[in-house]
Amino acid sequence: MSIESIISSEDVIDVPQYKETERVFYPESNQKKLALTDVLDSFKKWRIWTMLSYQDIKLRYRRSMLGPFWITLSMAITVYSMGYLYGHLFHTNLATYFPFLVGGMLSWALVSICITELSEGFSLSEAMIKQIKLPFSVYVHRIICRNIIIFFHNIIVIVPILAIYHASASINWYTLLLIPNLLIFYVNAFTYGLVLSLIGARYRDISQIIKSLIQVAFFVTPVMWNPALLPQKDHILVVLNPFYAFVELMRAPMIGAKPQLSVYVMAAMVTVGGIVLSTKLFSKYRARIVYWL
């Protein structure tokens, strides 16, 4: 099945030239209705964004022997070398640190790449948006789906670690929590992705700012260091870190642990905030996206 067979010919549109003096205004109720229709239609067109995601990965590694598993190999080299190095630098037990680090790096890779790519979600799809009549939400789904596929490729990296250090981390019933936790992440990636893509389409510098902030967030988030190293009075800083909540949502099940209740509470608060924010902004500025590109 190809993209051409999924997208019908009637979806191809011609976008009129935008004049600086033109402005498009709709009644607020109509804007909300159009935004809701956009989101619902994007879920109905799941075949399109899954095919686009698969095609993105395939084209990135065409004519290579390992294909997308080059990502997995690169991740394996990175986390294995970091685990051995930082385990000795921190003078910690490798049996507990290695699974913690590998699970954290896999989770952080998914979170950080989604955020950085979603900040350019609409601007990088400018050609398709101007030529094909598709819901704007499709391009957000495309990015999230692509990175979740890569995440499941990379998850192979943790299997040898679980086999070697099975006494400290293993596959058990808690591992099944990974699927519902990924759904929680997907909802947040989608809602905040709409917001980031909107802002990124309007202000092109925002993607560079976010990339810089993500680098800082990596060091202040317990990805390669254990929050148990902090004094008890400073643990509140970890609990209030939304990045830690989503990293832990995926890391804990991967190493056979149950995420703490505070992690789910923070994730729920962030989810509600994302739904409210995306509903307000996407409804208000959806009609202007094509003119910002």
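Before reading on, note that the structure itself is shown above.
Asker: Requested: an account of the overall build of the protein, with residues and values cited.
Answerer: Counting its regular elements, the protein contains 14 helices and zero strands. The linear arrangement of helices and strands in the protein, starting from the amino end, is α-α-α-α-α-α-α-α-α-α-α-α-α-α. Looking at the protein residue by residue over its 293 residues, the buried ones come to 47%. Residue pairs at least 24 apart in sequence account for 78% of intrachain contacts in the protein once pairs closer than 6 positions are excluded.

Asker: Quick rundown of the environment of Thr96? Include the residues and the values.
Answerer: Note that Thr96 resides in helix H5 (residues 94-118). Through-space distance from the C-alpha of Thr96 to that of Ala169 is 7.4 Å; in sequence the pair is 73 residues apart. One polar contact links the side chain of Thr96 to the main-chain carbonyl oxygen of Asn93, over a distance of 3.1 Å.

Asker: An account of the packing of aromatic side chains is requested, with residue identities and associated values reported.
Answerer: Overall, the coordinates contain nine aromatic pairs when judged by the stated rule. Note on Trp49 and Tyr186: the rings are 6.5 Å apart at their centroids and 40° apart in plane angle, and the pair reads as tilted. Pair noted here: Trp49 is in helix H3 (residues 46-60) and Tyr186 is in helix H9 (residues 178-202), with a separation of 137 residues, a long-range link. Here the aromatic rings of Trp108 and Phe218 are separated by 5.7 Å at their centres, their planes lie at 50°, and the arrangement is tilted. Of the two residues, Trp108 is situated in helix H5 and Phe218 in helix H10 (residues 206-220); the sequence distance between them amounts to 110 residues. Each member of the pair, Trp108 together with Phe218, is buried. By the ring-pair criterion, three or more aromatic residues cluster together here, those being Trp108, Phe218, Phe219 and Phe243. Across from the ring centre of Phe100, 3.9 Å away, lies the NZ or CZ of Arg251, which sits over that ring.

Asker: So what's going on with the packing of helix H4 (residues 69-89) against helix H7 (residues 137-154)? Which residues, and what values?
Answerer: At their nearest, the axes of H4 and H7 sit 9 Å apart, and the two run at 55° to each other. Of the possible angle classes, the one that applies to H4 and H7 is oblique. Regarding H4 and H7, the two cross each other, and that crossing is right-handed. Of H7, the residues touching H4 (which contributes Phe69, Ile71, Thr72 and Met75) are Ile150, His153 and Asn154. Residue classes in the contact of H4 with H7 are distributed as four nonpolar, three polar and no charged.

Reading the values: the criteria
Residues numbered from 1 in each chain as written. Predicted model: local features only at pLDDT ≥ 70, side-chain atom pairs only at ≥ 80, totals over all residues. Heavy atoms only, no water. Helix = DSSP H or I, 4+ residues; strand = E, 2+ residues; numbered from the N terminus. Buried < 20%, exposed > 50% of the residue type's maximum accessible area, 1.4 Å probe, protein only. Contact = heavy atoms within 4.5 Å. Polar contact = N/O pair within 3.5 Å; in protein donor to acceptor, adjacent residues only side chain to side chain. Phe/Tyr/Trp six-rings, centres within 6.5 Å; stacked < 30°, edge-to-face > 60°. Lys NZ or Arg CZ within 6 Å of the ring centre and 35° of its normal. Axes fitted to C-alpha atoms, helices over the stretch in contact; angles between N-to-C directions. Parallel < 35°, antiparallel > 145°, perpendicular 65-115°, else oblique. Left-handed = near helix turned anticlockwise from the far one by under 90°. Nonpolar A, V, L, I, M, F, W, Y, C, P; charged D, E, K, R; others polar.

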